[in-house]
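Here are the chains, one letter per residue:
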Amino acid sequence: MALQLGDAAPNFTAETTEGMITFHEYLGDGWGILFSHPADFTPVCTTELGAVAKLRGEFARRNTKVLALSVDPMESHERWAGDIEEVTGAKLNFPLIADPELTVANLYGMLHPNASTTMTVRSVFIIGPDKKVKLMLTYPAATGRDFKEILRVLTSLQLTAKHQVATPADWREGEEVIITMAVSNEEAAVRFPGYTTIKPYIRMAAQPV
Ligand code: BEZ
């Protein structure tokens, strides 16, 4: 059955541009993002990997390790890395899995045969420190991802995992959050002083730290 939210993120050992990596060991105690792209030496993918490299500090600030995948072989990844730096100005600073046997791609359901039988779709998996899948996104080959949105989601996931809050539509870091229904009004008054009630089921509070 296809992976679903809350499932254990399958572990694997794979060859990457930074040597052999065992996924769970690589993640350690922190958060992780595993994402696939269709193919090396393609325009959208080149821009995407450069964009992720430029966000290195943002991922580090969120205690998150990034791991990319394509089904192309290592020799291709190594040649392509030069293009990524030349075109985007950012050096590849996270490992890129070579998955020519489709081992990891199949494990994570990254091949969608009605889209392509040979190239992975643009999958994103966010994995929590408990090694469970917290978020899944799937984009088609022709649409590059917005990695600022992925950072935004990661921020929300980390916030909602730590506090009993949820984030509303279009929420951005620093904006008000929603107190979940698991928190009584009495408890909310202590934990979220100054919270406001819009409806009995919509209580807003400043973003907790
Ligand atoms: C791209 O990265 O530009 C791309 C890759 C595969 C199919 C279409 C576009």
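Residues numbered from 1 in each chain as written. Predicted model: local features only at pLDDT ≥ 70, side-chain atom pairs only at ≥ 80, totals over all residues. Heavy atoms only, no water.

### Thoughts on helix H6 (residues 147-162)
In a regular helix each residue adds 1.5 Å, so 16 residues correspond to 22 Å; H6 covers 23 Å between its end C-alpha atoms and thus fits that length. Burial in H6 covers these residues: Phe-147, Ile-150, Leu-151, Arg-152, Val-153, Leu-154, Thr-155, Ser-156, Leu-157, Gln-158 and Leu-159. (Helix = DSSP H or I, 4+ residues; strand = E, 2+ residues; numbered from the N terminus. Expected span 1.5 Å × (residues − 1). Buried < 20%, exposed > 50% of the residue type's maximum accessible area, 1.4 Å probe, protein only.)

### So, the site of the ligand
Near the ligand the following residues occur: Pro-38, Thr-42, Pro-43, Val-44, Cys-45, Met-119, Arg-122 and Ala-141. Within the side chain of Thr-42, an N or O atom sits 3.0 Å from an oxygen atom of the ligand. Between an oxygen atom of the ligand and a main-chain N or O atom of Val-44, the distance comes to 2.7 Å. Taken by itself the ligand offers 260 Å² of open surface, and the protein chains cover 78% of this. Looking at the shell around the ligand element by element, the count peaks at three residues for helix H2 (residues 43-54). Taken together, the residues of the shell around the ligand break down into six nonpolar, one polar and one charged. (Near = heavy atom within 4 Å. Polar contact = N/O pair within 3.5 Å; in protein donor to acceptor, adjacent residues only side chain to side chain. Areas by Shrake-Rupley, 256 points an atom, 1.4 Å probe, with all protein chains shown as cover. Nonpolar A, V, L, I, M, F, W, Y, C, P; charged D, E, K, R; others polar.)

### Here's the deal with the environment of Val-133
Among the structural elements, Val-133 can be located in strand S7 (residues 133-139). Separated by 36 residues in sequence, Val-133 and Ile-97 place their C-alpha atoms 19 Å apart.

### Thoughts on the packing of H2 against helix H4 (residues 74-88)
Running from N to C, H2 and H4 point in directions that differ by 75 degrees, and their axes come no closer than 9 Å. Relative to H4, the element H2 is oriented roughly perpendicular. Across the interface between the two elements, Cys-45, Thr-46, Thr-47, Leu-49, Gly-50 and Lys-54 from H2 touch Trp-80, Asp-83, Ile-84, Val-87 and Thr-88 from H4. When the residues that make up the contact of H2 with H4 are grouped by side-chain class, the tally is five nonpolar, four polar and two charged. (Axes fitted to C-alpha atoms, helices over the stretch in contact; angles between N-to-C directions. Parallel < 35°, antiparallel > 145°, perpendicular 65-115°, else oblique. Contact = heavy atoms within 4.5 Å.)

### Focus: the packing of aromatic side chains
On inspection of all chains with the given rule, the structure shows seven aromatic pairs. Between Tyr-108 and Phe-125, the aromatic rings sit 5.0 Å apart at their centres with planes inclined by 70 degrees, giving edge-to-face as the arrangement. You can see Tyr-108 sitting in the loop between helix H5 (103-107) and strand S6 (122-127) and its partner Phe-125 sitting in strand S6, a full 17 residues away along the chain. Members of the aromatic cluster, joined through ring pairs, are Phe-12, Phe-23, Tyr-108 and Phe-125. Lys-65 extends its terminal NZ or CZ atom over the ring of Tyr-26, reaching a point 5.3 Å from the ring centre. (Phe/Tyr/Trp six-rings, centres within 6.5 Å; stacked < 30°, edge-to-face > 60°. Lys NZ or Arg CZ within 6 Å of the ring centre and 35° of its normal.)

### Topic: the pattern of salt bridges
Counting across every chain of the model gives 10 salt bridges. Glu-58 is the salt-bridge partner of Arg-61, the closest N and O atoms lying 3.1 Å from each other. With Arg-61 and Glu-58 both in helix H3 (residues 56-61) and three residues apart, the pair spans about one turn of that helix. Accessibility expressed as a relative area gives 29% for Glu-58, which makes it partly exposed. (Salt bridge = Lys/Arg side-chain N within 4 Å of Asp/Glu carboxyl O.)

### Details of the side chain of Thr-46
With respect to the helices, strands and loops of the structure, Thr-46 is situated in helix H2. Residues contacting Thr-46, with those up to four places away along its chain left out, are Trp-80, Asp-83, Ile-84, Val-87 and Thr-88.

### Considerations on the sheet that holds strand S10 (residues 196-199)
With antiparallel pairing, four strands are arranged side by side in an open sheet as S8-S9-S11-S10. Pairing within the sheet leaves two strands with one partner each, and these edge strands are strand S8 (165-166) and S10. Note: S8 against strand S9 (residues 177-179), two bridges, orientation antiparallel. Considered in S9, the bridge of Val-165 is made with Ile-179. (Pairing = 2+ DSSP bridges.)

### Some remarks on the nonpolar core
Counting residues in hydrophobic clusters, the biggest one holds 26 residues, and the most contacted among them are Ile-33, Phe-35, Leu-49, Val-52, Phe-59, Phe-94 and Ile-126. Those elements that provide at least two residues to this core are strand S3 (31-36), H2, strand S4 (64-70), H4, S6 and H6. Sort the elements by how many residues they give to this core and H6 lands first, with six residues. Look past the residues within four positions of Phe-35 in its chain and what remains in contact with it is Leu-49, Val-52, Val-66, Leu-67, Ala-68, Leu-69, Phe-94, Ser-123, Val-124, Arg-145 and Phe-147. Core analysis: the next-biggest nonpolar cluster, separate from the first, contains 20 residues, Ala-9, Phe-12, Leu-69 and Val-104 among them. (Core = buried A, V, L, I, M, F, W, Y, C linked by side-chain atoms within 4.5 Å.)

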